[in-house]
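Residue strings, one per chain:
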Amino acid sequence: MSPRGTSDSSCIFCKIIKREIPASIIEETPEMIAIRDINAQAPTHALIIPKDHIASIAEADDALELGKLFQKACDIARQERLVDGYRIVINTGDDGGQTVHHLHIHVLGGRRLHWPPG
Ligand code: 5GP
Ligand code: ZN
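These numbers were taken from a predicted model, which means no experiment stands behind them.

Definitions and limits used
Residues numbered from 1 in each chain as written. Chains lettered and ligands numbered in written order. Predicted model: local features only at pLDDT ≥ 70, side-chain atom pairs only at ≥ 80, totals over all residues. Heavy atoms only, no water. Donors = N, O, S within 2.8 Å, 3.2 Å for Na, K, Ca; no water. Helix = DSSP H or I, 4+ residues; strand = E, 2+ residues; numbered from the N terminus. Pairing = 2+ DSSP bridges. Axes fitted to C-alpha atoms, helices over the stretch in contact; angles between N-to-C directions. Contact = heavy atoms within 4.5 Å.

Notes on the coordination of the zinc ion (ligand 2)
Note on metal geometry: ideal angles are 109.5 degrees for four donors arranged tetrahedrally and 90 or 180 degrees for six donors arranged octahedrally. In the first shell of the zinc ion (ligand 2), the protein supplies Cys-11 (SG), Cys-14 (SG), His-53 (ND1) and His-102 (ND1), at 2.0 to 2.3 Å from the metal. Here the donor residues for the zinc ion (ligand 2) map to a single chain with the spacing C-x2-C-x38-H-x48-H. Residue Cys-14 is located in helix H1 (residues 12–17), and its partner His-102 is located in the loop between strand S4 (86–89) and strand S5 (105–109); the two are separated by 88 residues in the primary sequence.

Description of the pairing of strand S1 (residues 25–28)
Across three bridges, S1 lies against strand S2 (residues 32–36) in antiparallel orientation. Following the sheet pairing, Ile-25 is matched in S2 by Ile-35.

Re the sheet that holds S5
Here we have five strands laid out as an open sheet, ordered S1-S2-S3-S5-S4, and antiparallel in their pairing. Each edge of the open sheet carries a strand with a single partner, namely S1 and S4. Strand-to-strand twist of the sheet, defined as the mean angle between neighbouring strand axes without regard to direction, takes the value 15°. Examined bridge by bridge, strand S3 (residues 44–50) and S5 share five bridges and lie antiparallel to one another. Residue pairing for S5: Ile-48 is matched across the bridge by Ile-105. Contacts from helix H2 (residues 63–79) reach S1, S2, S3, S4 and S5 within the one sheet, and its direction differs from that of S3 by about 155°.

Shown next as structure tokens:
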């Protein structure tokens, strides 16, 4: 995941990374971008997106880079002051409810979340 430069011109997250469409950016590094979800499901709903176009976590093969993404998700939860807790979600494939086929971590918090998810 560390800059291999893979990109997909039809992918919405690749377009956000290339600034072809706007997004509310929380943080950016050479490896990832963190943005606010356009359809927030909680007071904080961030997406942590590796810059390389990887379709899903099922295709990810770099454990170190994946670990960094998780660490970044927790950093953002801390920055957003989600002191009462939060949820990290990675929807994967059709049955997992994935709608954007570029790996991303959801961070949801700021309200009491229900379990189990639907
Ligand atoms: P998935 O369903 O693949 O796990 O999550 C995709 C997420 O991306 C959804 O929560 C959806 O609201 C969000 N999303 C889709 N298009 C855009 C966009 O153009 N901008 C932003 N900020 N979020 C988007
Ligand atoms: Zn992409």
